[in-house]
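# Summary of structural features
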Amino acid sequence: MLPAANRERVLRAATTSFLAEGYGSSVDAIARRAGVAKQTVYHHFRSKDLLFKEVARELAKGVLVELEGEPDLRASLVRFGFAYRRRILSDEGVATFRTLVPEIPRFRGLARAMYAASAGETVRRLAAHLESAMQAGRLRRDEPEFAAELFLGMLTGQDRIKRLFCVMQKGEADSRHAARIVDCFLRAYSP
């Protein structure tokens, strides 16, 4: 098998293992799951830490949600809100959160880089979108980054906690919820 294909198999197996068992997953178990020798894992990733960092980077990429160029502010925020909630509150989103948060003290530099590349980038893009709406008079003027963080918090806040504690099933995070949150946000920021 080609080395690139083996690397991808190792990454997929490691992702599955880390999401299921956290950092405590063994390299032996990851190699078995990937169908490769343990040496193959270490050929592609010199250490378990480096493998975990690569898995974490890949998982963080999945959090970014694009804001599309929609002229209707409410429609763009509802579409964004629904997509964001679907990703963050999905089984994989919740598992990613559960897996990464306990390891932040161990990987502080990685945690900062991951934040900048995922959640931080989402805040930056959303803030730019909201700033444009503020400049056009469609939203009350305020600090765009604060507005973006407030909106993202509204989209996930208590529902993420409910998902983490298995109180809410993933299907309960539907588009009606996103629309209600957007309407509340728009009332708060009406010009």
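About the criteria used
- Residues numbered from 1 in each chain as written.
- Predicted model: local features only at pLDDT ≥ 70, side-chain atom pairs only at ≥ 80, totals over all residues.
- Heavy atoms only, no water.
- Helix = DSSP H or I, 4+ residues; strand = E, 2+ residues; numbered from the N terminus.
- Buried < 20%, exposed > 50% of the residue type's maximum accessible area, 1.4 Å probe, protein only.
- Contact = heavy atoms within 4.5 Å.
- Axes fitted to C-alpha atoms, helices over the stretch in contact; angles between N-to-C directions.
- Parallel < 35°, antiparallel > 145°, perpendicular 65-115°, else oblique.
- Nonpolar A, V, L, I, M, F, W, Y, C, P; charged D, E, K, R; others polar.
- Salt bridge = Lys/Arg side-chain N within 4 Å of Asp/Glu carboxyl O.
- Core = buried A, V, L, I, M, F, W, Y, C linked by side-chain atoms within 4.5 Å.
- Patch = residues over 30% accessible without salt bridge, like charges linked within 9 Å, V, L, I, M, F, W, Y side chains within 5 Å.
- Areas by Shrake-Rupley, 256 points an atom, 1.4 Å probe, with all protein chains shown as cover.
- pLDDT = per-residue confidence, 0-100.
- Expected span 1.5 Å × (residues − 1).

## Re the overall build of the protein
Looking only at helices and strands, one finds ten helices and zero strands in the protein. For the protein, the N- to C-terminal ordering of α and β elements is α-α-α-α-α-α-α-α-α-α. Counting only C-alpha atoms, the protein reaches 60 × 35 × 30 Å along its principal axes. Split into buried and exposed, the 191 residues of the protein put 42% on the buried side. Put simply, of all contacts in the protein between residues at least 6 apart along the chain, 72% involve residues at least 24 apart.

## A closer look at the environment of N6
Relative to the helices and strands, N6 resides in helix α1 (residues 3-21). Given a relative accessible area of 14%, N6 falls into the buried group. For the pair N6 and A34, spaced 28 residues apart in the sequence, the C-alpha separation amounts to 8.0 Å.

## Observations concerning the environment of P191
Position of P191 relative to the elements: it lies in the segment after α10 (175-188). P191 gets classed as exposed once you look at its relative accessible area, which sits at 70%. Put simply, P191 and R108 are 83 residues apart on the chain and 40 Å apart in space, counted from C-alpha to C-alpha. Residues in contact with P191, not counting those within four places in the same chain, are G137, R138, L139 and R140.

## Some thoughts on the packing of helix α7 (residues 108-117) against helix α8 (residues 119-135)
Relative to each other, α7 and α8 sit at 30°, their axes nearing to 3 Å. Viewed along their axes, α7 and α8 adopt a mutual orientation that is roughly parallel. For the pair formed by α7 and α8, the contact residues are M114, Y115, A116 and A117 on the first element and A119, G120, E121 and V123 on the second. Of the residues contributing to the contact of α7 with α8, the split by class is six nonpolar, one polar and one charged.

## A word on the pattern of salt bridges
On inspection of all chains with the given rule, the structure shows nine salt bridges. Between D183 and R74 there is a salt bridge; the shortest N-O distance is 2.6 Å. With D183 in helix α10 and R74 in helix α5 (residues 73-88), this pair connects stretches of sequence that are 109 residues apart. For D142, the salt bridge is made with R140, and the minimal N-O distance between the two is 3.6 Å. Overlapping salt bridges bring together R85, D159 and K162 as one network.

## Section: the nonpolar core
The biggest cluster of nonpolar side chains holds 27 residues, and the ones touching the most others in it are L77, F80, L126, L130, L139, F151 and F185. If you list the elements that add at least two residues to this core, you get α5, α8, α9 (144-164) and α10. Grouped together as the second largest cluster of nonpolar side chains are 22 residues, A14, F52, F107 and M114 included.

## Section: a nonpolar patch on the surface
A contiguous nonpolar patch, built from I161, F165 and V167 and spanning about 330 Å² of accessible area, is present on the exposed surface. Within the fold, I161 resides in helix α9.

## A word on the confidence of the model for the protein
With 91% of its residues at a pLDDT of at least 70, the protein reaches an overall mean of 88. Helix α2 (residues 27-34) holds the highest mean pLDDT among the elements of the protein, 96, whereas helix α4 (residues 48-61) holds the lowest, 82.

## Observations concerning α8
For α8, with 17 residues, the first-to-last C-alpha span of 24 Å sits near the 24 Å given by 1.5 Å per residue. Restricting attention to buried positions, one finds in α8 the residues G120, E121, T122, V123, L126, A127, H129, L130, A133 and M134. In the stretch just after α8, G137 is the one whose phi turns positive, near 80°.

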